[in-house]
Amino acid sequence: MAEELLKGGNAVICEDEKGRGWKRIDSPSEVRINHNEVPSNISYKEFVFSKTEPIFYFKNRKENYELAEAADGNGKIVFLGAKPCDARSVEIMSKVFNWDYKDKFFNEKAERTIVIGVACSYKDEFCFCTSVNINPASPEGSDIFLVPLDEKEYAVRIITEKGKEFISPYLKYLTEGNAARSEEALGKIKWPGKKFEPGKVREWIGNNFEHKLFDEIGSTCLGCGQCAFACPVCHCFDIVDEECSYECGRRMKNWDACQFGLFTLHSSGHNPRDNQNKRYRQRIAHKFKYYADKFGEILCTGCGRCSRGCPVQIDIAQVAAEINSTANRV
Ligand code: SF4
Ligand code: SF4
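In this text the structure is predicted, and so the values were computed from the model without any measurement. (Residues numbered from 1 in each chain as written. Chains lettered and ligands numbered in written order. Predicted model: local features only at pLDDT ≥ 70, side-chain atom pairs only at ≥ 80, totals over all residues. Heavy atoms only, no water.)

(A) Region of the structure containing the overall build of the chain. Helices and strands together make up the secondary structure of the chain, namely 12 helices and 10 strands. The C-alpha radius of gyration computed for the chain amounts to 21 Å, which stays within 12% of the reference 20 Å derived for 330 residues, consistent with globular compactness. Expressed along its principal axes, the backbone C-alpha trace of the chain runs to roughly 65 × 65 × 35 Å. Classification of the 330 residues of the chain by burial places 49% in the buried group. Pairs at least 24 residues apart make up 71% of the contacts formed inside the chain by residues separated by at least 6 positions. Put simply, the chain shows about 16,900 Å² of open surface, and 51% of that area lies on carbon and sulfur atoms. Across the chain, the centroid of the 47 positively charged side chains sits 2 Å from that of the 48 negatively charged ones. (Helix = DSSP H or I, 4+ residues; strand = E, 2+ residues; numbered from the N terminus. Rg over C-alpha atoms; globule rule 2.2 N^0.38 Å. Buried < 20%, exposed > 50% of the residue type's maximum accessible area, 1.4 Å probe, protein only. Contact = heavy atoms within 4.5 Å. Areas by Shrake-Rupley, 256 points an atom, 1.4 Å probe, with all protein chains shown as cover. Lys, Arg positive; Asp, Glu negative; His and termini not counted. Charge placed at Lys NZ, Arg CZ, Asp CG, Glu CD.)

Set out below in structure tokens:
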């Protein structure tokens, strides 16, 4: 079936063999479904929200500027083996990319996406999906959901109409299953414990914008941006004109991060977030308050990537738990 999936212009994306990120595969031997291994260092968001992409090219034709649209592909983008903490990412980011302005670059790719999720049996001290209303057995965000039954066998559940349509040519490769067996497998999954209450974090941030807790944590943050780039739902970007001359150039959309000092620097020289304390506060407030206030979604899936990779061991779940205990003391 993997061979068939790779035909017909589909881009099949799996975690890479080193666990660094996700890559487009060319052969069935590269299929990896890591339901019981640590999530890759970075998520697959780059396949719907490109690290860098041209918006348009321009040429000066003396009287008028000539604009050329950037080209893109048109096959399906199939994420194969998305744990529940990855499977929800496109859905969560869609809220901001369709709010006041509809981002055609994101939407065009998101529409072509098929998420084949997998129930997750991995957990470590950094996982906290259950604290942000996700769980390792949840098919939410998946179009098709795999439940591992043993080393080689998966139960396949069709979750959405999009998933049903996508899988219909491949049904001949599947055999009739036993629903009780997949329920039993799901029931055996051990969930990570809940570390904090997101609603209390949200409420506390709203009332404690100037709290010293942000100074304590922000003073250790290096502003490297690893947390934002690894995250499945961080979505800041910048727009710049590159390779410019009077004659021609291109306008690019590039990943950016609120942890960078230049992110909010105005052309006047004023910077409203002029230290790392303010920038780290923005990270926490955006994830647990602003996004939740505006879109009813927490901007975090509890994958733990930002904490695993942070060079100074800032653990976002611990920060949220500390906010909860500070709130309880007041
Ligand atoms: S990875 Fe850690 S040090 Fe780097 S910006 Fe994020 S919180 Fe700060
Ligand atoms: S904030 Fe951290 S734990 Fe939450 S989704 Fe992003 S990388 Fe994962």
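(B) Spotlight on the nonpolar core. In terms of nonpolar packing, the biggest core is built from 27 residues, with Y44, F79, M93 and F106 touching the most fellow members. Of all the secondary-structure elements, those providing two or more residues to this core are β1 (11-15), β5 (77-82), α3 (89-97), α4 (104-111) and α10 (276-295). A per-element tally of this core places α3 first, with 5 residues. When we break this core down by domain, the ones giving at least three residues each are domain 1 (2-187) and domain 2 (198-329). For M93, the contacting residues outside a window of four places in its chain are K45, V48, F49, F106, P232, V233, C234, H235 and Y291. In this structure, C221, F288, I298 and I314 belong to the second largest nonpolar core, which totals 25 residues. (Core = buried A, V, L, I, M, F, W, Y, C linked by side-chain atoms within 4.5 Å. Domains from an automatic or database assignment.)

(C) Quick peek at helix α12 (residues 316-329). With 14 residues, α12 ought to run about 20 Å at 1.5 Å a step, and its terminal C-alpha atoms sit 20 Å apart, in line with that. You can read the cap of α12 off the contacts: a side-chain oxygen lies 2.9 Å from the backbone nitrogen of A317, and it is on D315. (Expected span 1.5 Å × (residues − 1). Polar contact = N/O pair within 3.5 Å; in protein donor to acceptor, adjacent residues only side chain to side chain.)

(D) Region of the structure containing the packing of aromatic side chains. Evaluated as defined, the whole model comprises 17 aromatic pairs. Judged by centre distance (5.8 Å) and plane angle (90 degrees), the rings of F229 and F260 are edge-to-face. Of the two residues, F229 sits in helix α9 (residues 226-230) while F260 sits in the loop between β10 (248-255) and α10, which places them 31 residues apart along the sequence. Its relative accessible area of 28% is what places F229 among the partly exposed residues. The positively charged end of K253 is found above the aromatic ring belonging to F237, 4.8 Å away from the centroid. (Phe/Tyr/Trp six-rings, centres within 6.5 Å; stacked < 30°, edge-to-face > 60°. Lys NZ or Arg CZ within 6 Å of the ring centre and 35° of its normal.)

(E) Up close: the side chain of R273. Along the chain, the position of R273 falls in the loop between β10 and α10. For the buried R273, which has no salt bridge, the nearest side chain bearing the opposite charge is D274, at an N-O separation of 9.2 Å. (Salt bridge = Lys/Arg side-chain N within 4 Å of Asp/Glu carboxyl O.)

(F) Here's a closer look at the packing of α10 against α12. Where α10 meets α12, the axes come as close as 12 Å, and the angle between the chain directions of the two elements is 80 degrees. Judged on the interaxial angle alone, α12 and α10 are roughly perpendicular. The residues of α12 that touch α10, namely those facing Y280, R283, I284, K287 and F288, are I316, V319 and I323. In terms of residue class, the contact of α10 with α12 is made up of 6 nonpolar, no polar and 2 charged. (Axes fitted to C-alpha atoms, helices over the stretch in contact; angles between N-to-C directions. Parallel < 35°, antiparallel > 145°, perpendicular 65-115°, else oblique. Nonpolar A, V, L, I, M, F, W, Y, C, P; charged D, E, K, R; others polar.)

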